[in-house]
Each structure stands twice: as structure tokens, then as C-alpha cells.
Amino acid sequence: MLIALLSVVWVSTYLSFGYARSAAIPALYQLVTVIGLVVLTRTRRFDVFRTSQLLMMLILPALLQASLGGFVASSGMVLWALFVPLAALALLGLRRSMVWLVAFLGEVALLAVLDPLLSQSAANLPQGVVVGFFVLNVAGVTVSAYVMLGYFVEQRAQVHRALEIERARSEELLLNVLPEPIAARLKDGTEVIAERHDSVTVLFADLVGFTEQALVMAPEHLVALLDRIFTAFDHRAGVEGVEKIKTIGDAYMVAGGVPEAGPRHVQSIARMALGMREDIAVIAADTGETWLAVRIGIDTGPVVAGVIGRRKFIYDLWGDTVNTASRMQSHALPGEIHITTRVAAALGKDFDVGPRGTTKVKGKGPMETYHLKASRPHAPESMRNNDHQEDEMPR
């Protein structure tokens, strides 16, 4: 449309100097462009419109230059054909635009060969008009090409921004499924992700009586309640720096010390368990669901961790530690945090731990197990230093 509007200048000027044949050429471009836009709006066939525009922009400036008598008399009208390879590059891509570039260069070479012959019947236009049109041709081609390329650059920038948003969204979704270090390795192309960890603390929790309650609760209320509970648990996991592994129904699994080893992960999981019990009490009071109670089991030890699946990934843990933590949870009483001997030993004096006695654990036999009751307030720094000095004294 911009070029069609600019063509009014050439049509009116050439008509005023009596060159009707030359004026008819830009007028033809205007007419075909208007018809092409009407057809485009009705058929949505942009390929037809694109090809017709490229052909007209290639052929008509050369014909106009020939009708006026060569490069000088036409003020280098063939410059408008320069728009063709640039537009083809933006619209068709590098490979397909090469044909149009070759056609433009061939056309310029042909006009150069014919210029001595064409200049013998050059149009008699005032020198000021010739110079003015030369400036207008250069400026018009420059502005038109700049507007077109600016449009495509902006479109590309918008696509890039949209891709960045989608990439960030995909990244966020991936990190909701996998730990960040595991996601990074997966994106790098690691096919099999499997590791053995010597010291990991695993926690299982489930809601007491949830299956029975699910039979009588409205689906919306059931899902909203689970969402609130697990969102609170997720927040706890983030605060303690431990890794949520998965949820299965009303069961929740979290681990410390994976995928990267870290100090005091047993203590972090213990604080997580105590916090989960507090969260359940608060949610039960807020919602009036007085039946809500959580049963928690914890064990610590070696595990194997890895990613399974190809279309739907899952980061999971395997091994005796995982099985034992699950057994601790299934044998726990409502509201209790049931832990193994090695968890109790690792917690030390930072937590209040009481013996439960001998528990017959399925698949494990009789086991001495404990209850995690509460965390103990830290002693003042001076007392901790004294205790540490006493521990180091010879006995």
C-alpha cells in the first residue's frame, strides 16, 4: 500500500509532461495491487498475492525505465526492483529467494547492455525533475525496504519473546516434576540417570481414614482439601530444602540428601515431619474436618535414585531404606511420627525421641522403633561450647 500510494507521484508527473505510456506503468501497479488485496481478503491465498507482487516489482520498474530512455532519464527507476530480493528473503527464506536475486541481477545487467540504445530516445524531462526523482527513488526504496524488514524483525522478536515465555513455562513444569539438577542433566541429553546414594532420609505420610471419607465427600471438596494439604507440605519441603518425590492418592513421599548430598538431612526431614503434623492440625481446625490426622514413617540409609519413563518422567527412589520408611508409616498410629533406630541415633539431642518398643514389621520381622515427639530448643552458645569441650576431654 505504501508503494502504491507513492506511485501517485510518478503517474501524475509523467502525465503532466505528456508521457502517458510511462504513467500507465505505475498506474497498472496500483490497479493490480488493489485487485490483489481484494482477492487476498476473500481467498486468504497469500502465496498468489506474494508472487504477483514480486513479479510486478521486478518487471514494471524495468519497463518504466526502458520507456523513459535508460538509467539517467528514468532516475534509476530499476532501483525499485531491489525491493524484490529483499522481500523474497523475508517472505521465502534464503534458499527460495536466490532465484529472485539472480533475476534482479540479470535484469540490471540487461538494462545496462540496452542503455545506449534506450538513451537515444530518452524522455525530455527537466533536470530538476530527473534529480528529484532520483532522490525520491533512493529514499522510497530505502523507506519501503526499512518498513518491510522492520516489520519482520518485530515479528521475529515477538515470536522469540513468545518462545521464551513458553520455554520458561516448560522449564517451570519440568521442575515441578523433576529436581533441578536432574532436569538439567535430562536436558543435556543424558539417557540413563541412575545414582547410588549412601545416606538419604526418606519420609512417607498418609492421611488416616481418607479412603472412607473420600466415599462420602463431594469431589470438589475432596480435591480442594488434598490440594491445600499437599500445598502446605510442598511449602515445608521448600523451607527445609528437601525433595518432594511423589504423591500417590493421599500418600506423600519426600526425601533429604537427594539428588545432591547435603549435611543434616535427617534433621531437616524430622523438622518436616513435625511441621506436617502441625499443618494437618491447623487445616483440620480451619475446615472442620476433625477426622484429619496424619501417619508418618521415616528411615535413613542408602538408596538408588533415578529417572524412569520417556513420555512422562518420574524421579524415584528404590531400596531397603525406602521400603522400611514405608513400613514405618503403615505401622504408625494416627498422629504419630514413627522412626527407625538409625533415624533416632542420627537425630541426637536436637529432638525429643521416645521408644515405642518392639514392632513386628511386615517383611522385616521384629524391630526396635521410636516416636519422634518434638524438636528441642537449642541451648545457648556458651553451654554448647562447654558440652563440646567436655565431650573432648579424656575419660
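Heads up: the structure comes first, above all this text.
Anyway, here's the lowdown on the structure attached to this text.

What counts, and where the lines are drawn
- Residues numbered from 1 in each chain as written.
- Predicted model: local features only at pLDDT ≥ 70, side-chain atom pairs only at ≥ 80, totals over all residues.
- Heavy atoms only, no water.
- Helix = DSSP H or I, 4+ residues; strand = E, 2+ residues; numbered from the N terminus.
- Rg over C-alpha atoms; globule rule 2.2 N^0.38 Å.
- Buried < 20%, exposed > 50% of the residue type's maximum accessible area, 1.4 Å probe, protein only.
- Contact = heavy atoms within 4.5 Å.
- Areas by Shrake-Rupley, 256 points an atom, 1.4 Å probe, with all protein chains shown as cover.
- Axes fitted to C-alpha atoms, helices over the stretch in contact; angles between N-to-C directions.
- Parallel < 35°, antiparallel > 145°, perpendicular 65-115°, else oblique.
- Left-handed = near helix turned anticlockwise from the far one by under 90°.
- Nonpolar A, V, L, I, M, F, W, Y, C, P; charged D, E, K, R; others polar.
- Core = buried A, V, L, I, M, F, W, Y, C linked by side-chain atoms within 4.5 Å.
- Salt bridge = Lys/Arg side-chain N within 4 Å of Asp/Glu carboxyl O.
- Expected span 1.5 Å × (residues − 1).
- Bend = angle between axes of the 7 residues up to and from the residue.

**Re the overall build of the protein chain**
- Scanning the protein chain for helices and strands turns up 13 helices and 8 strands.
- A globule of 395 residues ought to have a C-alpha radius of gyration of about 21 Å, yet the protein chain, at 39 Å, is considerably larger.
- The proportion of buried residues among the 395 residues of the protein chain is 40%.
- Long-range contacts, defined here as pairs at least 24 residues apart, represent 70% of the contacts in the protein chain between residues at least 6 apart.
- About 22200 Å² of surface is accessible on the protein chain, with carbon and sulfur atoms providing 62% of the total.

**Side note on unusual backbone geometry**
- The omega torsion of the bond from valine 258 to proline 259 falls at -5°, within 30 degrees of zero and hence cis.
- Within the secondary structure layout, proline 259 lies in the loop between strand S3 (251-256) and helix H10 (265-287).
- Unusually for a residue other than glycine, serine 75 sits at a positive phi of about 60°.
- Its place among the elements puts serine 75 in the loop between helix H3 (46-68) and helix H4 (83-92).
- Here serine 75 falls in the buried class, since its relative accessible area comes to 3%.
- Of note, arginine 264 is a non-glycine position whose phi angle comes to about 55°, a positive value.
- Mapped onto the secondary structure, arginine 264 falls in the loop between S3 and H10.

**A look at the environment of threonine 290**
- By the element assignment, threonine 290 lies in the loop between H10 and strand S4 (294-308).
- Using a relative accessible area of 73% as the deciding quantity, one classes threonine 290 as exposed.
- Separated by 10 residues in the primary sequence, threonine 290 and isoleucine 280 place their C-alpha atoms 10.0 Å from one another.

**Points about the packing of helix H1 (residues 2-16) against helix H2 (residues 20-43)**
- Contact pair H1 / H2: the axes reach a minimum separation of 8 Å and the direction vectors enclose 160°. When the interaxial angle is binned, H1 and H2 end up roughly antiparallel. The element H1 and its partner H2 pack so that their crossing is left-handed. In this structure, H1 uses Ile3, Ala4, Ser7, Val8, Trp10, Val11, Tyr14 and Leu15 to contact H2, whose residues at the interface are Ala20, Ser22, Ala23, Pro26, Ala27, Tyr29, Gln30 and Thr33.
- Per-class residue counts for the contact of H1 with H2 are 12 nonpolar, 4 polar and no charged.

**Side note on the nonpolar core**
- Membership of the largest hydrophobic core comes to 38 residues, with the highest contact counts inside it found for Leu203, Ile229, Met272, Leu292, Ile296 and Ile298.
- Put simply, the parts of the chain that give this core at least two residues each are strand S1 (194-207), helix H9 (219-240), S3, H10, S4, strand S6 (337-340) and helix H12 (341-347).
- Ranked by the residues each element gives to this core, the list is headed by H10, at 10 residues.
- Leaving out residues up to four positions away in the same chain, isoleucine 298 has contacts with Thr201, Val202, Leu203, Ile269, Ala273, Ala325, Met328, Ile337, His338, Ile339, Thr340 and Val343.

**Let's talk about the pattern of salt bridges**
- On inspection of all chains with the given rule, the structure shows 17 salt bridges.
- Between lysine 244 and aspartate 234 there is a salt bridge, and its shortest N-O distance comes to 3.4 Å. One end of the pair, lysine 244, is in strand S2 (residues 243-248); the other, aspartate 234, is in helix H9, with 10 residues separating them in the sequence.
- Overall, the relative accessible area of 32% leaves lysine 244 in the partly exposed class.

**What to know about the side chain of serine 67**
- Tracing the chain through its elements places serine 67 in helix H3.
- Serine 67 sits in the buried class, given a relative accessible area of 15%.
- If we skip the residues at most four places from it in the chain, serine 67 touches Arg21, Ser22 and Ile25.

**Some details on helix H5 (residues 94-118)**
- The first and last C-alpha atoms of H5 sit 34 Å apart over 25 residues, in line with the 36 Å expected at 1.5 Å per residue.
- The largest bend in H5 comes to about 35°, at alanine 112, with the proline proline 116 one to four residues further on.
- Buried within H5 are the following residues: Ser97, Trp100, Phe104, Glu107, Leu111, Asp115 and Leu118.

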